[in-house]
Amino acid sequence: MLGKGVVGGGGGTKAPKPSFVSYVRPEEIHTNEKEVTEKEVTLHLLPGEQLLCEASTVLKYVQEDSCQHGVYGRLVCTDFKIAFLGDDESALDNDETQFKNKVIGENDITLHCVDQIYGVFDEKKKTLFGQLKKYPEKLIIHCKDLRVFQFCLRYTKEEEVKRIVSGIIHHTQAPKLLKRLFLFSYATAAQNNTVTDPKNHTVMFDTLKDWCWELERTKGNMKYKAVSVNEGYKVCERLPAYFVVPTPLPEENVQRFQGHGIPIWCWSCHNGSALLKMSALPKEQDDGILQIQKSFLDGIYKTIHRPPYEIVKTEDLSSNFLSLQEIQTAYSKFKQLFLIDNSTEFWDTDIKWFSLLESSSWLDIIRRCLKKAIEITECMEAQNMNVLLLEENASDLCCLISSLVQLMMDPHCRTRIGFQSLIQKEWVMGGHCFLDRCNHLRQNDKEEVPVFLLFLDCVWQLVHQHPPAFEFTETYLTVLSDSLYIPIFSTFFFNSPHQKDTNMSSPKRGFFREETDHLIKNLLGKRISKLINSSDELQDNFREFYDSWHSKSTDYHGLLLPHIEGPEIKVWAQRYLRWIPEAQILGGGQVATLSKLLEMMEEVQSLQEKIDERHHSQQAPQAEAPCLLRNSARLSSLFPFALLQRHSSKPVLPTSGWKALGDEDDLAKREDEFVDLGDV
Amino acid sequence: MASASTSKYNSHSLENESIKRTSRDGVNRDLTEAVPRLPGETLITDKEVIYICPFNGPIKGRVYITNYRLYLRSLETDSSLILDVPLGVISRIEKMGGATSRGENSYGLDITCKDMRNLRFALKQEGHSRRDMFEILTRYAFPLAHSLPLFAFLNEEKFNVDGWTVYNPVEEYRRQGLPNHHWRITFINKCYELCDTYPALLVVPYRASDDDLRRVATFRSRNRIPATGGGYESDDAYHNAELFFLDIHNIHVMRESLKKVKDIVYPNVEESHWLSSLESTHWLEHIKLVLTGAIQVADKVSSGKSSVLVHCSDGWDRTAQLTSLAMLMLDSFYRSIEGFEILVQKEWISFGHKFASRIGHGDKNHTDADRSPIFLQFIDCVWQMSKQFPTAFEFNEQFLIIILDHLYSCRFGTFLFNCESARERQKVTERTVSLWSLINSNKEKFKNPFYTKEINRVLYPVASMRHLELWVNYYIRWNPRIKQQQPNPVEQRYMELLALRDEYIKRLEELQLANSAKLSDPPTSPSSPSQMMPHVQTHF
């Protein structure tokens, strides 16, 4: 996953020979390497990274103290990133030493991180795509990690403007082939020394042993078995090579509909109830085939309704819950609230902030996901029911809900290793289409849905509400969300384990073209109504479970539920506000307490070591490691992402006026108050 | 509290706090007694009632009314509910239901409190029990209307610290380097003859003679002349004044805004449209504007050597908010517990914020247009600042909450009356106890473990809605569903680490002593050290 190792910056001068055929026009490739070395500022290239085009005397806008100023430099585009190299390097990257594992510099944008590109023509902002007839005087890049870059091209040579603008547009927006992902050239060039020790490392779930280990850990091995029926992806390419099914389920059943209609085990609770998921059977018109499907499903249901499984509650995530379209629409609105071009925009939207937030629905969607996960937890924990999640391909909301339930119920998932194993199990092996959902290849914008980001935001709510229950912090989650767009980690760049294993693109599946599967509704409708209590009763169960849990003191190593009331669902400020200078709290924010806590932890640990040493021998105490977080009170709330640090201590002042108070106008006029400030 | 079927619900309510506190403070409290009592507190009556809890439904209980509080204990076995409400928080008592009321629990009393909640009791229709309770409550909750003293004058609590000595004007001005070439101390208002709402001791521009001040006073609203709030360095007082209008609304708008906040949080929290409902109260918008004004004032003072004259039309409302917040931003001294007490004592109490009118202590006129949550708004701003700078304040959230609780309770003399001269006439410092006595004799409870003292640090909060939030632990504290963990888990973990550090330091010292005693001995223990002591968990 993320922390596989420190990625060293390759020397700019000795970029390895390209190991693949580029589809870039030859004139775009910069061949004169000497010229690059002669420049004062060197471009750091990763192993396998190739410079494609560049432009000099580009002015990058820097926001400081509510006014913008410019920094001259070079804008370059490689097959991995867009980078701006300021002519005055000393001002940049001076904190590089603090972040040894930083892959992306503050002025680097990976090609996959680019969201929208705008050009400014005669003061007008227009979206840029395809072939341009006219080139803009200013380039604005909105990133998927919500950074906003503005480059002025007015002082750049026309030729260079054309080259860099069309290069950037082409490399970030034109549909790509999977083979062209930087991932492959990087993997070829860089040494990959992965160590896997199942105990202390993330479980990858790519072997039968890993699944058996998980079954044993959760004591699910009494009722469930790991199968290798899909070894070599013989049965289907959607499922992993190994997975777990109910013990009495005949393996032929898996083959029958290429793994569709099969209850696949996710996790077992301490009381024996399990969380299962199932993808719907293919949609058919033919009555004969429908009949066959029906009897097949009846057989499956008989198997899992028989002892030892007892009651199974079916939770259809494709019909009664969120749609992927809703998620995508909400996030598109939500992210716009943070992609802010300038100070005026920030303050203009400030007064309406809460209603803007609400109209995006993003926080409400988070609440609904958390609520659904609590409902399922209640069924498993309080009613000893098995829960079967249904979804068309069981690879979007199934991954989300199943992971959330496990986070709430299984403290192991709240350790870093456990969390990474969970992502590996439910998302990577669960066949979540990262490539399509993140639209990494720009092949079909309609497939883009931030399901995984929604998951991380839900996790953030839990971490924020119960920090001691997690081994990781919000910063870990933020960095994890960033890694979605960094194509040197392969984790989030494939649609399925099969695709990853074979490095081939698989046939596209359309989630939005096909409505929710009628089969589930028609064939299972009867059973669902039998199993699910009336919704009022369900609400009561939920309320009682929820209230009773929150009325007790929290056991961080046990069941963990989030608060889901209006005021409790918050904006993940670290991820969403980190690049906005106006939102920066100088010397404040959560980081202030967290770094004090870390300092204290460091101190306690070093004391512990000293005591340990005393017990062993009278060795001289070792030199203390320098503390990075010293002077924590002076860090900004944007730490460790702060690159827009304000240097002066001037306060930021809102610039927009007062909003009309409507019916309170009469009251408002009753008394005037003013302040006058003495002159200097 | 109200809903409490378990003790956790009670964890930070005002009531329980006072129970714990009275016992901890060593105040007389007979444990066999049914009601906790402060020295000087007397039981008036008790009655069997049904408490209509908005969260858990009707609960049968016995209510005890003293001259200080309303105390209710559940009579049901499965509920440990306790209500402990100082009568001072009551703003209005209404009868609900009449002789013809049929519905269950529809006949009784509805009590509106100043601290964001309502209490409803159902009573039996027979035997005048409602009339009795109504009359007793009215009498003791609104003593001024019945020529009775406020409880603060009956309170006989003793503390080992005297809160009235916390603020000494001359000493505080000296701490700020006053008087100096530009500012002088004047006793012109010694007997409050110049301005009865100002303190006796004033710092005024050096060149303004006492005669000048008298002349100016006649032109200004209620003779309130300009005097130093912050008392910062000045070049030439009031020359070339620059005028800034801060768009901050008046006391009536603030009162209505707070009412709307109560509507969306009590008893139920608006769920599906929480954010837009919150926005429609404008409460945080007002907070934003007050903070913005204070930042502007602080910035003007710190950037140049300019003095700032802050004033509003009358009363020490906006002025007190802006000066005290600006001082909190500029001067780290005021961010300590005692510093903050001095700030409140000086800028609010001494300079004549009209607490009696704004709060309506012991007064039954709940519709009085003079009432307004100006001080609450200030405390909210302080909370917002402490939220943005979690290491900059010596005090914690509980400190701010206890101040607000006793702003209404009338147990202490601190916030009583409108100005210093009235307080002097009533001999408040002699006849009542100061809230600071209670707090300072139990300081540990109100300390922020993350506090890092930084002498010259200027704090500018970000006055953006992106960073402002509703103070849930205050405004929604009666709702058991919203209640947040107390103490805050991160704080708790930090305290654990602090304790662990101290223990290790002690252990290391012991080991050093032991080692020096047997220097030549080889290590004897074969077991790994990790087995010998608990290791720190590195969660976080």
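Counting restarts for each chain, with residues numbered from 1 along the sequence as it is written. Chains and ligands are labelled sequentially in the order written, the chains with letters from A and the ligands with numbers from 1. Per-residue local features are limited, in this predicted model, to residues with pLDDT of at least 70; the limit for side-chain atom pairs, both in listing and counting, is 80 or more; totals at the level of whole chains, interfaces and linings are taken over all residues. Only hydrogens and water are set aside when side-chain values are computed; all heavy atoms of the structure are taken into account.

The way it works is that DSSP assigns letters per residue, a run of H or I at least four long becomes a helix, a run of E at least two long becomes a strand, and they are numbered from the N terminus. A count of helices and strands for chain A gives 21 helices and 15 strands. The proportion of buried residues among the 680 residues of chain A is 58%. Any two residues having at least one pair of non-hydrogen atoms within 4.5 Å are treated as being in contact. If you take every contact in chain A between residues at least 6 apart in sequence, the share linking residues at least 24 apart comes to 72%. The Shrake-Rupley method, run with a 1.4 Å probe sphere, supplies the accessible areas, and residue values consider only the shown protein chains as cover. When the accessible surface of chain A is split by element, carbon and sulfur atoms take 51% of a total near 28900 Å². Burial here depends on accessible area, computed with a 1.4 Å probe over protein chains only, as a share of the maximum for the residue type. Under 20% is buried, over 50% is exposed, and the range in between is partly exposed.

Below, the discussion takes up the nonpolar core. Definition of nonpolar core: a set of buried residues of the types Ala, Val, Leu, Ile, Met, Phe, Trp, Tyr and Cys, connected through side-chain atoms within 4.5 Å. Membership of the largest hydrophobic core comes to 253 residues, with the highest contact counts inside it found for Phe419 and Phe455 of chain A together with Leu325, Phe340, Phe375 and Tyr475 of chain B. Those residues in contact with Phe419 of chain A that lie beyond four places of it in its chain are Leu407, His412, Cys413, Phe455, Leu456, Val459, Phe472, Tyr476, Leu477 and Leu480 of chain A. Counting 36 residues, the second largest nonpolar core, distinct from the first, contains Val235, Leu239, Met278 and Val312 of chain A.

Each pair of aromatic rings taken from Phe, Tyr and Trp, with Trp reduced to its six-membered ring, is defined by centres within 6.5 Å and is described as stacked if the planes are under 30 degrees apart, edge-to-face if over 60, and tilted in the remaining cases. What the rule picks out here adds up to 60 aromatic pairs over all chains. Where Phe334 of chain A meets Tyr576 of chain A, the ring centres are 4.8 Å apart and the plane angle is 85°; that geometry is what we call edge-to-face. Of this pair, Phe334 of chain A sits in helix α7 (residues 324-336) while Tyr576 of chain A sits in helix α19 (residues 573-577), and the two are 242 residues apart along the sequence. A single burial state applies to Phe334 of chain A and to Tyr576 of chain A, both of which are buried. Measuring from centroid to centroid gives 6.1 Å for Trp283 of chain B and Tyr475 of chain B, while their planes differ by 75°, and the two rings are edge-to-face. Of the two residues, Trp283 of chain B is situated in helix α7 (residues 283-303) and Tyr475 of chain B in helix α16 (residues 472-475); the sequence distance between them amounts to 192 residues. Through pairs of rings, three or more aromatic residues link up here, namely Phe340, Trp348, Phe355, Phe375, Phe378, Phe393, Phe395, Phe399, Phe415, Trp436 and Phe446 of chain B. Placement of a positive charge over a ring is assigned whenever Lys NZ or Arg CZ falls within 6 Å of the ring centre and within 35 degrees of the normal to the ring plane. When the ring centre of Phe134 of chain B is taken as reference, the NZ or CZ atom of Lys95 of chain B above it lies at 4.4 Å. Its end group placed over the ring of Trp478 of chain B, Arg117 of chain B keeps NZ or CZ at 3.7 Å from the ring centre.

It is worth spelling out the confidence of the model for chain A at this point. Parts of the model with low pLDDT should not have their predicted coordinates read in detail. Residue and element names in this part refer to chain A. Residue-level confidence of the predictor, termed pLDDT, takes values from 0 up to 100. This prediction gives chain A a mean pLDDT of 80; 77% of its residues lie at or above 70. Here helix α17 (residues 518-531) is the element of chain A with the lowest mean pLDDT, 34, and helix α11 (residues 397-409) is the one with the highest, 98. In the predicted structure, residues 671-680 sits below a pLDDT of 50 and forms 46 contacts with residues beyond four places in sequence or in another chain.

All names here are of chain A. Between Lys or Arg on one side and Asp or Glu on the other, a salt bridge is scored when a side-chain nitrogen of the former is within 4 Å of a carboxyl oxygen of the latter. Applying the stated rule across the entire model yields 53 salt bridges over all chains. Two residues, Lys144 and Glu448, come together in a salt bridge whose shortest N-O distance is 3.8 Å. One end of the pair, Lys144, is in the loop between β7 (138-143) and β8 (148-152); the other, Glu448, is in the loop between α13 (434-437) and α14 (451-465), with 304 residues separating them in the sequence. Take Lys144: its relative accessible area is 8%, and that puts it in the buried class. The class of Glu448 is buried, set by a relative accessible area of 19%. Taken together, the salt bridges that share partners define one network made up of Glu214, Arg217, Asp410 and Lys425.

Bringing the confidence of the model for chain B into the picture now. All names here are of chain B. Confidence along chain B averages 84 in pLDDT terms, with 81% of residues attaining 70 or more. This stretch, residues 523-540, has a pLDDT under 50; its non-local contacts, to residues over four places away or in other chains, come to 46 contacts. Among the scores for the predicted complex, ipTM is 0.84 and pTM is 0.85.

All names here are of chain A. Within strand β14 (residues 386-391), six of the six residues are buried, leaving the element largely enclosed by the surrounding structure. Taking every second residue as pointing to the same face, both faces of β14 are buried, with Asn386, Leu388 and Leu390 on one and Val387, Leu389 and Glu391 on the other. Sheet analysis places strand β12 (residues 274-279) next to β14, joined by five bridges and oriented parallel. Its bridge partner lying in β14, Met278 is registered against Leu390. Two strands qualify as a pair provided DSSP detects at least 2 bridges between them. Note that strand β13 (residues 312-316) and β14 share five bridges and pair parallel. Looking at the pairing, Val312 lines up with Asn386 of β14.

What follows concerns helix α11 (residues 374-388) of chain B. Expected helix span is taken as 1.5 Å per residue step, with the number of steps being one fewer than the number of residues. Taking 1.5 Å per residue as the helical rise, α11 of chain B with its 15 residues ought to reach 21 Å, and the 21 Å between its terminal C-alpha atoms agrees with that figure. Where burial is concerned, most of α11 of chain B is hidden: 14 out of the 15 residues are buried.

Residues and elements named next belong to chain A. With six of six residues buried, β12 is to be regarded as a mostly interior element. Residues Ala274, Leu276 and Met278 point to one face of β12 and Leu275, Lys277 and Ser279 to the other, with burial holding for every one of them. Here strand β11 (residues 264-268) runs beside β12; their pairing, made up of four bridges, is antiparallel. Each residue of the ladder has a partner; that of Trp267, found in β12, is Leu275.

What follows is about the sheet that holds strand β5 (residues 90-96) of chain B. All names here are of chain B. Taken in spatial order, the seven strands make up an open sheet running β4-β3-β2-β1-β7-β6-β5, and their pairing is antiparallel. Strands with a single pairing partner mark the edges of an open sheet, and in this sheet they are β4 (82-86) and β5. Each strand axis lies, on average, 30° off the axis of its neighbour in the sheet, ignoring direction. Two strands pair when backbone bridges link them, and strand β3 (residues 69-74) and β4 are joined in this way by five bridges, in the antiparallel orientation. Looking at the pairing, Arg69 lines up with Pro86 of β4. Helix axes are fitted to C-alpha atoms over the stretch in contact, other axes to C-alpha atoms as well, and angles between N-to-C directions run from 0 to 180 degrees.

Once that is clear, we can look at the sheet that holds β11 of chain A. Residues and elements named next belong to chain A. The sheet built from four strands is open, its strands ordered β11-β12-β14-β13 with mixed pairing. Of all strands in the sheet, those with a lone pairing partner are β11 and β13, marking the two edges. The average angle at which neighbouring strand axes cross in this sheet is 25°, direction not considered. Strands β11, β12, β13 and β14 of the sheet are contacted by helix α10 (residues 362-383), whose axis makes an angle of about 145° with β14.

As for its position among the elements, Thr391 of chain B is in the loop between α11 and α12 (397-409). Judged by relative accessible area, Thr391 of chain B falls into the buried class, the value being 2%.

Residue and element names in this part refer to chain A. At their nearest, the axes of α10 and α14 sit 10 Å apart, and the two run at 75° to each other. As judged from the angle between their axes, α10 and α14 are roughly perpendicular. Contacts between α10 and α14 involve Trp362, Ile365, Ile366, Cys369 and Leu370 from the first element and Leu454, Asp457, Cys458 and Gln461 from the second. The nonpolar class holds Ala, Val, Leu, Ile, Met, Phe, Trp, Tyr, Cys and Pro. Asp, Glu, Lys and Arg form the charged class, and all remaining residues, Gly among them, are polar. The class makeup of the residues in the contact of α10 with α14 is seven nonpolar, one polar and one charged. Angular relationships are summarised with four words: roughly parallel below 35 degrees, roughly antiparallel beyond 145, roughly perpendicular across 65 to 115, and oblique for the angles in between.

Residues and elements named next belong to chain A. Two elements in contact, helix α12 (residues 416-428) and α14, have axes separated by 13 Å at closest approach and are oriented at 145°. As for how α12 packs across α14, the hand of that crossing is right-handed. Counting all contacts with α12, which are made through Phe419, Ile423 and Trp427, the residues of α14 involved are Val451, Phe452, Phe455, Leu456 and Val459. The residue inventory of the contact of α12 with α14, partitioned by class, reads eight nonpolar, no polar and no charged. Helix crossings fall into two classes, left-handed where the near helix is turned counterclockwise from the far one by less than a right angle and right-handed where it is turned clockwise.

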